[in-house]
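Listed below are the residues making up each chain.
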Amino acid sequence: MLQHYCGVYDPEDLTVLGRVFDEAVAALPPSMQTPENRAAIARLVLERAAAGRAELASLMNVVGAISPAA
């Protein structure tokens, strides 16, 4: 079942969400950066954003800990 997430985000929020997505994808080995995994990461980021700032901050902390750019 496909879940839909509704929300209105200002440009700054979209920048943060995009950065979290990009960093999470970059943390994967190239062989795992598939369209399916990218879609799963996008869903996770949107789920956490919809759950609130604290949830998104937790995800950002995890991504920051595993990101090669950290």
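Just so you know, these numbers come straight off a predicted model, no measurement behind them. The written sequence of each chain sets the order in which its residues are numbered from 1. In keeping with the predicted nature of the model, local features appear solely for residues at pLDDT of at least 70, side-chain atom pairs appear and are counted solely at 80 or more, and the whole-chain, interface and lining totals rest on all residues. The side-chain values count all of the structure's non-hydrogen atoms but skip hydrogen atoms and water molecules.

Draft legend 1. Expanded view of helix α3 (residues 53-66). Under the scheme used here, helices are H or I runs from DSSP no shorter than 4 residues and strands are E runs no shorter than 2 residues, and both carry numbers assigned from the N terminus. To estimate the expected span of a helix, count its residues, drop one, and scale the result by 1.5 Å. If you check α3, its first and last C-alpha atoms are 20 Å apart, about what 14 residues at 1.5 Å a residue would give, namely 20 Å. Classification of residues uses two cut-offs on accessible area relative to the type maximum, computed with a 1.4 Å probe and protein chains only: under 20% is buried, over 50% is exposed, and between them is partly exposed. Taken together, the buried positions of α3 are occupied by L56, L59 and V63. Projected onto a plane normal to the axis of α3, the buried residues spread over an arc of 60 degrees and lie on a single side. Of the exposed residues in α3, those oriented more than 90 degrees away from the buried face are A54, N61 and A65. Contacts between residues were defined by any pair of non-hydrogen atoms, one from each residue, lying within 4.5 Å. Elements in contact with the buried residues of α3: α1 (11-26) and α2 (35-51). The arc in question is traced by the directions running from the helix axis to the C-beta atoms.

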